[in-house]
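# Summary of the model geometry
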Amino acid sequence: TAILELEGLSWNEYQNYINEENADFDTFIFRGGFPELTREQDFPLDMFFSSYLATYQERDVRQLVNVTNLRTFEQFIRLLAIRNANQLDMTDIANNLGISSKTVASWISVLETSGQITLLQPWFGNYGKRIVKTPKIYFNDTGLLCWLLGIEKENLKSSPFIGSIIETVV
């Protein structure tokens, strides 16, 4: 038995599919790495990502953890998007949403387990510090991240989030 974790398309895979001379890095960032969005370049992103989020919340999240208020969970995801590529402060997130830090930790675990986010532990020479210091949070798909942040392709480069988005791609 083997479990294969498939990630979104990489820049190289995107270039190979689109044809290298037609590949546009901004489009790759904005649309993300979902294969269907690469195959169907005219697929409306708003419809795709809103349906993806609704399906994810209603089916996957409810199976993994008891989320009683999906609206609060969606606000939680959007708040995480704003904090992408920053240190994860669960207490601040909990205070902003009026939920417990324990709930935030549970929801973070669900997002990480289901492949939506990655927590990057800091590097220190001291191994103990690596374990206890605060990780940074990254969304695994820049298309979903841009959609959650309400960024349009025309505004991508002027967005105040461009630095964190580029950091996420890297």
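Only a predicted model underlies this, so the values are computations on that prediction, with no experimental measurement involved.

### Quick notes on the packing of helix α5 (residues 70–82) against helix α6 (residues 90–97)
Contact pair α5 / α6: the axes reach a minimum separation of 11 Å and the direction vectors enclose 135°. Here α5 lies oblique to α6, going by the angle between them. Note on packing geometry: the crossing formed by α5 with α6 is right-handed. Contact with α5, carried on its side by Thr72, Gln75, Phe76, Leu79 and Leu80, involves Ile93, Asn96 and Leu97 of α6 and no other residues of that element.

### Quick word on the pattern of salt bridges
A side chain of one charge can pair with a side chain of the opposite charge if their charged atoms are brought near each other. Within the structure shown, the criterion is met by 7 salt bridges. Here arginine 39 and glutamate 40 are joined by a salt bridge, their closest N and O atoms 3.0 Å apart. Overall, the relative accessible area of 45% leaves arginine 39 in the partly exposed class. A salt bridge links glutamate 167 to lysine 136; its shortest N-O distance comes to 2.9 Å.

So, how was this worked out
- Residues numbered from 1 in each chain as written.
- Predicted model: local features only at pLDDT ≥ 70, side-chain atom pairs only at ≥ 80, totals over all residues.
- Heavy atoms only, no water.
- Axes fitted to C-alpha atoms, helices over the stretch in contact; angles between N-to-C directions.
- Helix = DSSP H or I, 4+ residues; strand = E, 2+ residues; numbered from the N terminus.
- Parallel < 35°, antiparallel > 145°, perpendicular 65-115°, else oblique.
- Left-handed = near helix turned anticlockwise from the far one by under 90°.
- Contact = heavy atoms within 4.5 Å.
- Salt bridge = Lys/Arg side-chain N within 4 Å of Asp/Glu carboxyl O.
- Buried < 20%, exposed > 50% of the residue type's maximum accessible area, 1.4 Å probe, protein only.

Function cannot be read off these values alone, since they describe shape.
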